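Structure at a glance
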Amino acid sequence: MHANSSQVPVTAKHDEDTQTRDWSWVEASVWTDRMLAALDNGVKGGKWFSLMDKVMRPATLQAAWGRVVRNCGAAGVDRQSVDAFAAHAERYLDELARALRSDTYRPQAIRRVEIPKGRGQTRPLGIPTVKDRVVQTAVRLVIEPIFESIFCAHSYGFRPGRGAKRALREVDALLRAGYCHVVDADLAGYFDSIPHAGLMARVREQIADGRVLRLLESWLKQEVMAGLERWIPTGGTPQGAVISPLLSNIYLHGLDETMAAGGYRMVRYADDFVVLCQTADEAQRALAEIGTWVDAHELTLHPDKTHVGDCRQVGRGFEFLGYRFEAGQRRVRTKSWNAMLDKIRQHTPRTKGRSLASIISQINPMLRGWYQYFKHAHRITFVTTRVNFGPLTRPIRRRTRWGVPRSFERYPDPRQCGTPGCATGIEDARNNAASGVRWRRVRSVKGLASEGWIGCGFGVVGLDQAVAVQVFVEAMDLIAVVGLEEVQDVMDEVVDLHDGIVAESRHREVAGREGVRVDRVGI
């Protein structure tokens, strides 16, 4: 059934016919202008021959090695790291070229590890050796443009020039256009269940070079090692292999074509996809067609994670690429929140002595990346005030101000160090520090100011006091990515408190000379 697409804005329309494909990302040493023209105009017979000679070229292997270096990654079963390979890279690349020319190249086993998935769950990850990653990258440089020329525009995962943000923009445009009945589908264990025969059949529709096809088959049947266990998989592609994302997109290209032929608005990122419809009946028909295609291609829809709903209603929204779309709002989904909080806990342990500057240097890049991705979520996510810190700022402040100060250097009580602003205050502080007289821990900016430290730290006197202020100013940088206004508010507050303490010190000095007792003012 064809959906009515007359109301879809230009930004939400599929662009195969309206945009010229950009080939600037292809490897220039592999793809010449003549070959790129063949991509647009087609090749004789519709299939590509003689690709292996391009894979084994020294220039191709060198370009592939450069990408492996940039991606870095762990060592495989041979325990050879990227740095160890780099020490003799020229020799290893020559050996790979000779093995490919003589057809004696054989991939080594894949080292399988379990990586955290969140809340105690893990995800299997396959790590090929560095040599295998170089060859896989070389093959991908050669064959990826061939399949990119046929991929649908609504596929965004692991493709050059595309990404999650473009997929989210497409979803947002469709929702604004009235496509609010959403099929949220999930393929159960997709990467581990791709049938090898069906996948290679799709590859052979475009590639007829037997040696390249044998290479792809050898990677699908690579032996897997996990500890002392070894086995040969009968299906799926190893997550972690360079060639796996491309192969997974090739197999789901058939689903993309089916949805496009039915007139449905699908947005897919790897194995995560949603179909947006204008009516509930259309959404049910789309789900039925998806189920038919999945069954025919030996895949399985997850029964608990696949559903249809009107995302305008509370409780019937859907989750896609870290966001939750519901009732006209876009929020950070609970799983993404929990993953972020777990990372914060991991970098702010309460039993490990580390400086605040070290913690900030690790947390800030993580916060900036998280914010850059989720900055379009509902504004409540990042609202921070002096009284009510936002849901992200609150745990960061709690972890850095309560747990971390236990291992910080403590400062002596300023009331035992002479009058703030007095030339003898810093010397008294050092003496009391040496004798252990009345130590106090700093808890907050205002508490620090009320004890006289802010006034000293802003240049009245005292190196130690200045360090104390600097520590807290650096702590404020933690929330810079979620609210620049709050940083300015804090600095304004610090200046105001400083001025108050300076005024009080002068008032006390005058009153002391006149023999008059005064109470604290201005704080």
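Residues numbered from 1 in each chain as written. Predicted model: local features only at pLDDT ≥ 70, side-chain atom pairs only at ≥ 80, totals over all residues. Heavy atoms only, no water.

1. Observations regarding helix α11 (residues 244-261)
Between its first and last C-alpha, α11 extends 26 Å over 18 residues, near the 26 Å set by a 1.5 Å rise per residue. The sharpest bend along α11 comes to roughly 35 degrees, located at Leu252. Within α11, 14 of the 18 residues are buried, leaving the element largely enclosed by the surrounding structure. Two residues or fewer after α11 comes Gly263, characterised by a positive phi angle close to 80 degrees. (Helix = DSSP H or I, 4+ residues; strand = E, 2+ residues; numbered from the N terminus. Expected span 1.5 Å × (residues − 1). Bend = angle between axes of the 7 residues up to and from the residue. Buried < 20%, exposed > 50% of the residue type's maximum accessible area, 1.4 Å probe, protein only.)

2. Here we look at unusual backbone geometry
Despite not being glycine, Arg79 has its phi angle at roughly 60 degrees, a positive value. Here Arg79 is to be found in the loop between α3 (58-71) and α4 (82-87). Arg79 sits in the exposed class, given a relative accessible area of 60%. One non-glycine residue with positive phi stands out, namely Leu321, at about 55 degrees.

3. With respect to helix α12 (residues 280-296)
If you check α12, its first and last C-alpha atoms are 25 Å apart, about what 17 residues at 1.5 Å a residue would give, namely 24 Å. In the core, the buried residues of α12 are packed alongside β3 (181-186), α11, β7 (272-277) and β8 (307-310). Downstream of α12 by one or two residues, Glu298 has phi in the positive range, about 60 degrees. (Contact = heavy atoms within 4.5 Å.)

4. Things to note about the side chain of Arg330
Locating Arg330 in the fold gives a position in strand β11 (residues 329-332). Comment: no salt bridge for buried Arg330; closest opposite-charge side chain is Asp172, at 4.6 Å. Apart from residues no more than four positions distant in its own chain, Arg330 is found in contact with Leu168, Asp172, Tyr323, Arg324, Phe325, His376, Ala377 and His378. (Lys, Arg positive; Asp, Glu negative; His and termini not counted. Salt bridge = Lys/Arg side-chain N within 4 Å of Asp/Glu carboxyl O.)

5. Considerations on the packing of helix α9 (residues 196-204) against helix α10 (residues 210-220)
Between two packed helices, both the angle of their axes relative to each other and the distance between the axes serve to describe the pair. At their nearest, the axes of α9 and α10 sit 11 Å apart, and the two run at 155 degrees to each other. It follows from the interaxial angle that α9 and α10 lie roughly antiparallel. Crossing of α9 over α10 shows right-handed handedness. Contact residues: His196, Leu199, Met200, Val203 and Arg204 in α9; Leu213, Leu216, Glu217 and Leu220 in α10. Tallied by class, the residues present in the contact of α9 with α10 amount to six nonpolar, one polar and two charged. (Axes fitted to C-alpha atoms, helices over the stretch in contact; angles between N-to-C directions. Parallel < 35°, antiparallel > 145°, perpendicular 65-115°, else oblique. Left-handed = near helix turned anticlockwise from the far one by under 90°. Nonpolar A, V, L, I, M, F, W, Y, C, P; charged D, E, K, R; others polar.)

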